[in-house]
Amino acid sequence: MFFGKRDKDVRLTDKQYKNLTSSMSKKERREFERRQDELRREREEDKLDAWLDFEDEMDEN
């Protein structure tokens, strides 16, 4: 679960997730899931970029 801060990756139990999304409409839930997927992809891209930068630095030495 991501809340817009790159350094915050919060893990929820199934029950907590259900409580969070139970009050949402279908449209809100779809938007919430879409945003979570987007944040997850951004975080994965950041990790890949950091790894590639690290490899470049190691190659230079």
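What counts and what doesn't
Residues numbered from 1 in each chain as written. Predicted model: local features only at pLDDT ≥ 70, side-chain atom pairs only at ≥ 80, totals over all residues. Heavy atoms only, no water. Patch = residues over 30% accessible without salt bridge, like charges linked within 9 Å, V, L, I, M, F, W, Y side chains within 5 Å. Areas by Shrake-Rupley, 256 points an atom, 1.4 Å probe, with all protein chains shown as cover. Salt bridge = Lys/Arg side-chain N within 4 Å of Asp/Glu carboxyl O. Helix = DSSP H or I, 4+ residues; strand = E, 2+ residues; numbered from the N terminus. Buried < 20%, exposed > 50% of the residue type's maximum accessible area, 1.4 Å probe, protein only. Expected span 1.5 Å × (residues − 1). Contact = heavy atoms within 4.5 Å.

(A) Spatial organisation of a nonpolar patch on the surface. Taken together, the side chains of Leu48, Trp51, Leu52, Phe54 and Met58 make up a nonpolar region of the molecular surface, amounting to roughly 520 Å² of accessible area. One can find Leu52 in helix 2 (residues 26–60). Classification of Leu52 by relative accessible area gives partly exposed; the value is 38%.

(B) Structural context of helix 2. Between its terminal C-alpha atoms helix 2 stretches 51 Å, which fits the 51 Å expected from 35 residues at 1.5 Å a residue. Those residues of helix 2 lying buried are Phe32, Gln36 and Leu39. Buried positions along helix 2 lie against helix 1 (14–22).

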